[in-house]
Amino acid sequence: MEDRLTVRHWGALAALGVILVVTAAWWGFALWPLPASAPPALLRARVLCFGTADNGLPTVFGWMMLTGEPLMITLLLIGAVGGPTIHDALHRLSLLRAGRLVLRVVSGGIVVGALAAIGRVGWALDAGAGAGVPSITTRLDRPAPPLNLVDQRGSPVTLEGLRGRPALITFAYAHCETVCPIVVAEVIRAHDRMPEPRPAIVVITLDPWRDTPSRLPAMADLWGLPGDASVVSGTVPDVESALDRWSVPRTRDLHTGEVTHPNLVYVLDGTGRIAYATGGDADTIVRLLGQL
């Protein structure tokens, strides 16, 4: 009787199964080439979620998402049900004939998937070292939505004020310690690599509850923004409305205030139109700026 799987054990195993399935789908979507007939929206979704380097592989941010998200979810599961419970559930499953078969199939699937991913990465690196892989980032060429927020100097930042030179619009918040600082750093790197007149940089906060206008100077210093770059905020309704207009997907944890969001950079041309949306690595941003 003590070796039987309880409801708690089955729940832990089911959660592990969901994590494995979602992770496999996540990696497949990120790594496997999409056919030329794939809808542009699907291509853009992959770029926004994982970025796309010149060799067709995810950018550094994409690899962070691919490895960090499953790890974080698994740690949350361990915290919720307890490591001993998961270990005990796997042990009891291994005592069943059908359970051993399931474990062998899952283990084999993980090995096959890992080998396939390694092979795909190796092929892409070899291809990229040769002729290169064309970017799947398509030109959007649509009007940028209105922007009327306040920067760290207390000055209004509007779309009209950005016209006359390219601009990089990205989204981050001060309490983020993972993706946000890296995205901002990559945008700054791309900015610094461009000839004069360099593109404008605007970082729109994703957390107007804590990133109030009075905190913007400290955020600009924290991220090392160039002198002409802006980090902007405003009232919660104004910032939320701006984020909606700029089509920024996000989810805020009401208990911790943490915001889940993709790494996203919009490249604007000098007329105030959105030319490209990308995942945010400096090499890709520089290449897209060069295509304006």
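Relevant structure appears above.
Below: a short report on this structure. (Residues numbered from 1 in each chain as written. Predicted model: local features only at pLDDT ≥ 70, side-chain atom pairs only at ≥ 80, totals over all residues. Heavy atoms only, no water.)

1. Side note on the pattern of salt bridges
Working step 1: For the structure shown, the criterion picks out 12 salt bridges.
Working step 2: Across the pair arginine 215 and aspartate 211 runs a salt bridge whose closest N-O atoms are separated by 3.4 Å.
Working step 3: A relative accessible area of 32% means that arginine 215 is categorised as partly exposed.
Working step 4: In this structure, glutamate 240 and arginine 250 form a salt bridge, with 3.4 Å as the shortest nitrogen-oxygen distance. Highlighted residues: glutamate 240 in helix H8 (residues 236-245) and arginine 250 in the loop between H8 and strand E7 (251-252), separated in sequence by 10 residues. (Salt bridge = Lys/Arg side-chain N within 4 Å of Asp/Glu carboxyl O. Buried < 20%, exposed > 50% of the residue type's maximum accessible area, 1.4 Å probe, protein only. Helix = DSSP H or I, 4+ residues; strand = E, 2+ residues; numbered from the N terminus.)

2. A closer look at the nonpolar core
The nonpolar side chains of a soluble globular protein tend to be buried with one another.
Working step 1: Judged by nonpolar contacts, the single largest core of 58 residues is most densely connected at Ile169, Phe171, Ile204, Leu225, Trp246, Tyr266 and Leu268.
Working step 2: A total of seven residues in this core trace back to one element, the largest contributor, which is helix H6 (residues 179-193).
Working step 3: Not counting residues up to four positions away in its chain, the partners in contact with isoleucine 169 are Leu162, Val202, Ile204, Trp246, Leu264, Val265, Tyr266 and Leu268.
Working step 4: With six residues, the next largest nonpolar core counts Ala12, Ile19, Leu77 and Val81 among its residues. (Core = buried A, V, L, I, M, F, W, Y, C linked by side-chain atoms within 4.5 Å. Contact = heavy atoms within 4.5 Å.)

3. Comments concerning helix H4 (residues 83-94)
Working step 1: An ideal rise of 1.5 Å per residue puts 16 Å on 12 residues; H4 measures up with 17 Å between its terminal C-alpha atoms.
Working step 2: Taken as a whole, H4 has its buried residues at Thr85, Ile86, Ala89, Arg92 and Leu93. Across the axial projection of H4, the buried residues extend over an arc of 130°, all falling on one side. Exposed residues lying more than 90 degrees from the buried face of H4 are Pro84 and His87. (Expected span 1.5 Å × (residues − 1). Arc of directions from axis to C-beta.)

4. Here we look at the sheet that holds strand E6 (residues 230-232)
Working step 1: Reading across the sheet, the six strands line up as E1-E10-E9-E4-E5-E6 and stay open at both edges, with mixed pairing between neighbours. Only two strands of the sheet have a single partner each, and these edge strands are strand E1 (142-143) and E6.
Working step 2: As defined by bridge partners, strand E9 (residues 265-268) adjoins strand E10 (residues 273-278) across four bridges and the pair is classed as antiparallel. Following the sheet pairing, leucine 268 is matched in E10 by isoleucine 274.
Working step 3: Along the sheet, H6 contacts strand E4 (167-172), strand E5 (200-205) and E9; its crossing angle with E4, the most-contacted strand, is approximately 170°.
Working step 4: Lying over the sheet, helix H7 (residues 216-223) contacts E4, E5 and E6, oriented at roughly 135° with respect to E6. (Pairing = 2+ DSSP bridges. Axes fitted to C-alpha atoms, helices over the stretch in contact; angles between N-to-C directions.)

5. A word on the packing of helix H1 (residues 7-31) against H4
Working step 1: The interhelical angle for the contact between H1 and H4, taken along N-to-C directions, is 95°, at an axis separation of 9 Å. By the angle between their axes, H1 is roughly perpendicular relative to H4. Judged by residue contacts, Arg8, His9, Ala12, Leu13 and Leu16 of H1 engage Thr85, Ile86, Asp88, Ala89, Leu90, Arg92 and Leu93 from H4.
Working step 2: The residue inventory of the contact of H1 with H4, partitioned by class, reads seven nonpolar, two polar and three charged. (Parallel < 35°, antiparallel > 145°, perpendicular 65-115°, else oblique. Nonpolar A, V, L, I, M, F, W, Y, C, P; charged D, E, K, R; others polar.)

6. Describing the pairing of E4
Within a regular strand, side chains alternate between the sheet's two faces.
Working step 1: With six of six residues buried, E4 is to be regarded as a mostly interior element.
Working step 2: Burial along E4 is two-sided: the residues Ala167, Ile169 and Phe171 and Leu168, Thr170 and Ala172 are all buried.
Working step 3: In the sheet, E4 pairs with E5 via six bridges, with the strands oriented parallel. Its bridge partner being in E5, alanine 172 is matched across the sheet by threonine 205.
Working step 4: For the crossover from E4 across H6 to E5, the handedness is right-handed.
Working step 5: Bridge count for E4 against E9 is four bridges, and the pairing is antiparallel. By the bridge assignment, threonine 170 is partnered in E9 with valine 265. (Right-handed = clockwise from strand over helix to strand, strands pointing away.)

7. Let's talk about H7
Working step 1: The set of residues buried in H7 consists of Leu216, Met219, Ala220 and Trp223. Down the axis, H7 shows its buried residues gathered within 100° of arc, on one side only. Facing away from the buried side of H7 by over 90 degrees, the exposed positions are Asp221 and Leu222.
Working step 2: Contacts from the buried residues of H7 go to strand E2 (148-150), E4, H6, E5 and E6.
Working step 3: In the segment just after H7, glycine 224 is the residue with positive phi, at about 65°.

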